[in-house]
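Each chain, written out:
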Amino acid sequence: SDERTVCDTITLALLAPKDPSLEYKWDMADATIISESNNGSVYQIRFTTPGEKRISLQTVDTQGNVTAVTDQTIFIFANRLWKSYQCHRKQLPKVP
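Every chain is numbered independently, its residues counted from 1 as its sequence is written. Only residues with pLDDT of at least 70 are given local features in this predicted model, and only at 80 or more are side-chain atom pairs given and counted; all residues enter the totals for whole chains, interfaces and linings. Each side-chain value is derived from all of the structure's non-hydrogen atoms; neither hydrogens nor water enter the calculation.

Undergrad: Outline the sheet that holds strand E6 (residues 51-60), supporting the account with residue identities and numerical values.
TA: The pairing criterion is simple: DSSP has to find at least two bridges between the two strands. Labels follow the DSSP assignment, with helices taken as runs of H or I lasting at least four residues and strands as runs of E lasting at least two, numbered in each case from the N terminus. Taken in spatial order, the four strands make up an open sheet running E1-E7-E6-E3, and their pairing is mixed. Strands at the two margins of the open sheet, each flanked by one partner only, are strand E1 (4-5) and strand E3 (23-27). Both E1 and strand E7 (residues 66-77) contribute to a ladder of two bridges, which runs parallel. Each residue of the ladder has a partner; that of arginine 4, found in E7, is isoleucine 76.

Undergrad: Pulling in residues and values, what's your account of the layout of surface pockets?
TA: Only protein atoms enter the calculation, which uses a 1 Å grid: trapped sets of points that fit a 1.4 Å probe without letting it out are cavities, open sets showing protein on both sides within 12 Å along at least five of seven lines are pockets, and any residue with an atom within 4 Å of a point is a lining residue. Grid points are joined across faces, edges and corners, and a volume is the space filled by probe spheres set on the points. When its volume is computed, the largest pocket comes out at roughly 360 Å³. Elements that contribute at least two residues to the lining of the largest pocket include exactly strand E2 (9-13), E6 and E7. Basically, the charged four are Asp, Glu, Lys and Arg, the nonpolar ten are Ala, Val, Leu, Ile, Met, Phe, Trp, Tyr, Cys and Pro, and anything else, Gly included, counts as polar. Residues of the lining of the largest pocket, tallied by class, amount to nine nonpolar, four polar and two charged.

Undergrad: Now, about the nonpolar core: what can you tell me, with residues and values included?
TA: Joining through side-chain atoms within 4.5 Å is the link that ties buried Ala, Val, Leu, Ile, Met, Phe, Trp, Tyr and Cys residues into a set, and such a set is a nonpolar core. Any residue under 20% of the maximum accessible area for its type is buried, any over 50% is exposed, and the rest in between are partly exposed; the area is computed with a 1.4 Å probe on protein chains only. Among the nonpolar cores identified, the biggest contains 12 residues, and these are Val6, Cys7, Ile10, Leu12, Met28, Ala31, Tyr43, Ile45, Phe47, Ile55, Ile74 and Ile76. When contributions to this core are tallied by element, the ones reaching two or more residues are E2, strand E5 (42-46) and E7. A contact between two residues is defined here by any heavy atoms of the two lying within 4.5 Å. Ignoring anything within four residues of it in the chain, the contact list for isoleucine 45 reads Asp8, Thr9, Ile10, Leu12, Met28, Ala31, Thr32, Ile33, Ile34 and Ile55.

Undergrad: Account for the sheet that holds E5, naming residues and giving values.
TA: Spatially, E2-E5-E4 is the arrangement adopted by the three strands of the open sheet, whose pairing is antiparallel. In this open sheet, the two edge strands, each paired with only one partner strand, are E2 and strand E4 (32-36). On average, each strand axis in the sheet is inclined to that of its neighbour by 30 degrees, with strand direction left out of account. Here E4 pairs with E5 via four bridges, running antiparallel. Considered in E5, the bridge of serine 35 is made with glutamine 44. Fitting a line to C-alpha atoms yields each axis, with helices limited to the stretch in contact; the angle taken between N-to-C directions then spans 0 to 180 degrees.

Undergrad: Could you give an account of the environment of tyrosine 24, naming the residues involved and the relevant values?
TA: Relative to the elements of secondary structure, tyrosine 24 occurs in strand E3. For the pair tyrosine 24 and valine 69, spaced 45 residues apart in the sequence, the C-alpha separation amounts to 10.0 Å. Residues contacting tyrosine 24, with those up to four places away along its chain left out, are Leu14, Pro17, Lys18, Asp19, Leu57, Gln58 and Thr59. Each polar contact in these results corresponds to two N or O atoms within 3.5 Å; when the atoms are within protein, one needs to be able to donate a hydrogen and the other to accept it, and residues that are neighboring in sequence are counted only if both atoms are side-chain atoms. A polar contact is formed between the side chain of tyrosine 24 and the backbone nitrogen of aspartate 19, at a distance of 2.8 Å.

Undergrad: Outline the environment of phenylalanine 75, listing residues and values.
TA: By the secondary structure assignment, phenylalanine 75 is in strand E7. Once the C-alpha coordinates of phenylalanine 75 and arginine 4 are considered, the two residues, 71 residues apart in sequence, prove to be 7.0 Å apart. Setting aside residues no more than four positions away along its own chain, phenylalanine 75 makes contact with Arg4, Gly51 and Glu52.

Undergrad: Can you lay out the pattern of salt bridges for me, pointing to particular residues and giving the numbers?
TA: The salt bridge definition used is simple: a Lys or Arg side-chain nitrogen within 4 Å of an Asp or Glu carboxyl oxygen. Tallied over the entire structure, the rule returns two salt bridges. Between aspartate 30 and lysine 53 there is a salt bridge; the shortest N-O distance is 3.2 Å. Separated by 23 residues along the polypeptide, aspartate 30 in the loop between E3 and E4 and lysine 53 in strand E6 bring together distant segments of the chain. In this structure lysine 53 comes out as buried when scored by relative accessible area, which is 6%. For arginine 54, the salt bridge is made with aspartate 71, and the minimal N-O distance between the two is 2.8 Å. Taken together, the positions of arginine 54 in strand E6 and aspartate 71 in strand E7 put the pair 17 residues apart, joining distant regions of the chain. With a relative accessible area of 41%, arginine 54 lands in the partly exposed category.

Such coordinate-based values are descriptive only and should not be taken to indicate function.
Next up, the structure:
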């Protein structure tokens, strides 16, 4: 399913190899970065709050000119209780 919920891991990836003459500037809204590839071409992110999220990528040349902008808006739904427990279980206090 394409439904994204709080705590789902989302993968962002460049579709072409990085151009070494460009700087890549990601705006991942309020996402938490879970992992990043060594060359910065693949990220795994997670949102902890529901709502509309805009993810964008700008490329900037060596003179500081923006050469391209790509963005996508996704909606993150609140998750079900079980999924919430699975996402946050490491943060739950132990019951004596």
